[in-house]
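Single-letter residue listing:
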Amino acid sequence: MPLKQTDPSHKLKKDKYKQQLDELTIDLGEAQRKCKDLGIPVIILFEGWSASGKGSRIRTLIRSLDPRGFEVFTVHRPNEDELMRPYMWRFWKRTPPKGKIHVFDRSWYRALMRGHEKNEIKLAKPVHDVLSFEKTLVASGVVIVKMFLHVSMKEQRKRLKALADSPETSWRINEDDWIQNCRYDETLSRYSKMIEDTDHDMANWSVIEADNGRHADVKVYKTVLAAMESAISKKESGNSVDNGEIKMPIGVNSASALTAVNLHRTLERDEYTDRLSAAQNELTRLHNEMYLHRVPMAIVFEGWDAAGKGGAIKRLVAPFDPRGYKVAPYGAPNDIEKAHNYLWRFWNEVPKAGHLTVFDRSWYGRVMVERVEGFCSEDDWKRAFKEINDFEKQLVDSGMILLKFWLHIDKEEQLRRFNFRKETPEKQWKITDEDWRNRDKWDAYLEAVDEMLLRTSTKYAPWTIVEAVDKPYARIKVIEAVHDCLENGLKAVRK
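The model shown is predicted, which means the values in this text are computed figures rather than measured ones. Throughout this description, residue numbers start from 1 for each chain and increase along the sequence as written. Predicted model: local features are reported for residues with pLDDT of at least 70 only, side-chain atom pairs are reported and counted for 80 or more only, and whole-chain, interface and lining totals are derived from all residues. Note that water and hydrogens are dropped before the side-chain values are worked out from all heavy atoms of the structure.

J.: Any details on the sheet that holds strand β9 (residues 401-408)? Residues and values, ideally.
T.: Think of it this way: DSSP has to see at least two bridges between two strands before they count as a pair. Counting from the N terminus, the helices are the DSSP runs of H or I reaching at least four residues and the strands are the DSSP runs of E reaching at least two. Across the sheet, which stays open at both edges, the five strands sit in the order β7-β8-β6-β9-β10 with parallel pairing between neighbours. Whereas interior strands pair on both sides, the edge strands pair on one side only; in this sheet they are β7 (325-329) and β10 (463-467). In this sheet, neighbouring strand axes are inclined to one another by 20° on average, regardless of whether the strands run parallel or antiparallel. Inspection of the sheet shows strand β6 (residues 297-303) paired to strand β8 (residues 356-360) by five bridges, in the parallel sense. Paired with Phe-301 across the strands is Asp-360, a residue of β8. The axes are straight lines fitted to the C-alpha atoms, using for helices just the contacting stretch, and the angles between their N-to-C directions are given from 0 to 180°.

J.: Let's hear about the nonpolar core: which residues, and what values?
T.: Membership of the largest hydrophobic core comes to 141 residues, with the highest contact counts inside it found for Trp-108 and Phe-301. Element by element, the count of residues in this core is highest for helix α10 (residues 213-237), at nine residues. Throughout, a contact is declared for two residues whenever any of their heavy atoms are within 4.5 Å. Contact partners of Trp-108, with chain neighbours within four places excluded, come to Ile-43, Leu-45, Tyr-87, Met-88, Phe-91, Val-130, Phe-133 and Glu-134. Nine residue types can take part in a nonpolar core, namely buried Ala, Val, Leu, Ile, Met, Phe, Trp, Tyr and Cys, and a core is a set of them joined through side-chain atoms within 4.5 Å. Under the scheme applied here, a residue whose accessible area is under 20% of the maximum for its type counts as buried, over 50% as exposed, and between as partly exposed, the area being computed with a 1.4 Å probe on protein chains only.

J.: Tell me about the packing of helix α8 (residues 175-182) against helix α9 (residues 184-198), residues and numbers included.
T.: Look at α8 against α9: their axes get within 5 Å of each other, and the N-to-C directions meet at 95°. Between α8 and α9, the angle is such that the two are roughly perpendicular. Facing α8, whose interface residues are Gln-180, Asn-181 and Cys-182, α9 presents Tyr-184, Thr-187 and Tyr-191. Residue polarity is assigned by list, with Asp, Glu, Lys and Arg as charged and Ala, Val, Leu, Ile, Met, Phe, Trp, Tyr, Cys and Pro as nonpolar; anything else, Gly included, falls into the polar class. Partitioning the contact of α8 with α9 into residue classes produces three nonpolar, three polar and no charged. Note on angle classes: values under 35 degrees are labelled roughly parallel, values over 145 roughly antiparallel, values of 65 to 115 roughly perpendicular, and the remainder oblique.

J.: Before we move on, could you go through α9 and cite the residues and values that matter?
T.: How far a helix is expected to stretch is found by multiplying one less than its residue total by 1.5 Å. Compared with the 21 Å implied by 1.5 Å per residue over 15 residues, the 21 Å span of α9 between its first and last C-alpha is a close match. Listing the buried residues of α9 in full gives Tyr-184, Thr-187, Leu-188, Tyr-191, Ser-192, Met-194, Ile-195 and Thr-198. Along the axis of α9, the buried residues cluster in a sector spanning 160°; they form a single face. Of the exposed residues in α9, the ones pointing more than 90 degrees away from its buried face are Asp-185, Glu-186 and Glu-196. Contact partners of the buried residues in α9: α5 (110-113), α6 (126-139), β4 (143-150), α7 (153-165), α8 and β5 (205-209). By arc we mean the arc of the directions from the helix axis to the C-beta atoms, nothing more.

J.: Just give me the short version of the layout of surface pockets, but keep the residues and values in it.
T.: Volume-wise, the second largest pocket comes out at about 940 Å³. Along the walls of the second largest pocket sit 31 residues, with Ala-51, Lys-54, Asp-105, Arg-106 and Arg-172 positioned nearest its centre. Elements supplying a minimum of two residues to the lining of the second largest pocket: α2 (54-62), β2 (70-74), α7 and α8. The residue inventory of the lining of the second largest pocket, partitioned by class, reads nine nonpolar, nine polar and 13 charged. Two kinds of site are reported from a 1 Å grid over the protein atoms alone, namely cavities, where a 1.4 Å probe fits but cannot get out, and pockets, open sets with protein on both sides within 12 Å along at least five of seven lines, and residues are called lining when an atom falls within 4 Å of a point. Grid points are joined across faces, edges and corners, and a volume is the space filled by probe spheres set on the points.

J.: Please set out the sheet that holds β2 residue by residue, giving values where relevant.
T.: Spatially, the five strands line up as an open sheet ordered β2-β3-β1-β4-β5, and their pairing is parallel. Taken across any chain shown, the strands that pair with only one partner, and hence form the sheet edges, are β2 and β5. Averaged over all pairs of adjacent strands, the angle between strand axes in this sheet comes to 20°, irrespective of strand direction. Contacts between α2 and the sheet are confined to β1 (42-48), β2, β3 (101-105) and β4, with β1 contributing the most and set at about 155° to the helix.

J.: Let's hear about α6: which residues, and what values?
T.: Between its first and last C-alpha atoms α6 spans 20 Å; for 14 residues at 1.5 Å apiece the expected length is 20 Å, and the two agree. Of all the 14 residues making up α6, ten are buried; the element is thus mostly covered by neighbouring parts of the structure. Within the span of α6, buried status applies to Asp-129, Val-130, Leu-131, Ser-132, Phe-133, Glu-134, Thr-136, Leu-137, Val-138 and Ala-139. On its buried face, α6 is in contact with β1, α4 (89-92), α5, β4, α9 and α16 (378-397). In the segment just after α6, Gly-141 is the residue with positive phi, at about 110°.

J.: Tell me what's going on with empty space enclosed by the protein, and back it up with residues and numbers.
T.: To find the voids left in a structure, one rolls a probe of water-molecule size over its atoms. Taken as a whole and judged by the stated rule, the model has two cavities of 30 Å³ or more. By volume, the largest cavity amounts to about 60 Å³. If you trace the largest cavity, you find it lined by Trp-92, Ser-132, Phe-133, Thr-136, Leu-343, Trp-347, Glu-387, Asp-390, Phe-391 and Gln-394. It is α16 that provides the largest number of residues to the lining of the largest cavity, a total of four residues. Class assignment of the residues belonging to the lining of the largest cavity gives a composition of five nonpolar, three polar and two charged. In this structure, the second largest cavity encloses a volume near 50 Å³. Taken together, Thr-136, Ala-139, Ser-140, Asn-341, Tyr-342, Arg-366, Asp-380, Arg-383 and Glu-387 form the lining of the second largest cavity.

As structure tokens, then:
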């Protein structure tokens, strides 16, 4: 039911309340244990009016839960560190692993509910980014329960006054809370639109009539329990959750986009040395300026095994102040990372304002290694193209400079480098059985890379293909591309 048409004054008698809550408490505890056993992560989100009773409803709810299996997050205005990151960073970091419950007292909906206030991070497309976040999580198996606690203007004013009059609770009330009550009808319209815009089949809103605490408690319990039991039923029956519609762009051309790349580009040693020195000197200056203007930057390196990513990264970061950058290498996810959505571990390394993160392999493993090796379903990797594009758009919209390099060599050059590593004692650690296995699937990887380049090379985050048979040429192309992109990105912030 729309928020404007909801009567918040529903009541529940004390004896009936106790009877229902006792029954629901047993059922909710059982649902928590089943979610843990089945590896179902759950997010329980409380939004609502100021003084609508979110804290009280949360306290009552968690009494029925095993405290080892849940965590509560209270979302205030962003702190200094959070202000230096993309808006969704602090919420991605707090997404639950499999089998755990995370409860949010307020949430990512701050951008829609309180984004007009001072010291709030702005989102370029708040509705789009919120929906993308939720749908990405639900598609990976997360249950999201969204509840909006609705109180009448009269009840809210009564509660605000009671809180303000008590020395123990007056600190909880600020000017914005009173403004909200004074502009109740205006705020009601805004909240109604927010709920309408962000209500979707993968995570519906439930409006909790909250003038009466007992009624609100019971409805919260029933809402949470229904969502958890539905997810349990689907998991036990083998039916997957509704992963949403997979929208794919126009099909890939039969011819490989990489076959047109001229891999015979070379660079003489003297020219390489001169250009490397000049570019590194300029990058030292630009890195300092990047920090001064608080411009974040992320650089993604992908490529064939033995394509030279490590050597290119080493030359790239050499001129940078080590306090201002981090190289984040990624291999197969560990057990903790596997318990989260695949994007979770990359959101954790998103650079803050003025800093650089170099991703040595990245979220593109979803549409390459995981696709080819069968570590995720076909639906998962097909859906990932849009999820990745949305992720990168949020980074760029937050003011981040984003570059993506694919280091390209041919199959013969890879074999030569593999054999060199195998025969050189100090290089043998670089070659593994997995490298040889991946090489046997060259054609499958080539198809995956082609599709990845087509579907994720966007105006805001295009791919740069680096011809990497000649290592000096590849290193100069990378370092000069970073220089040019950083120079252009800083033009907008220079006074």
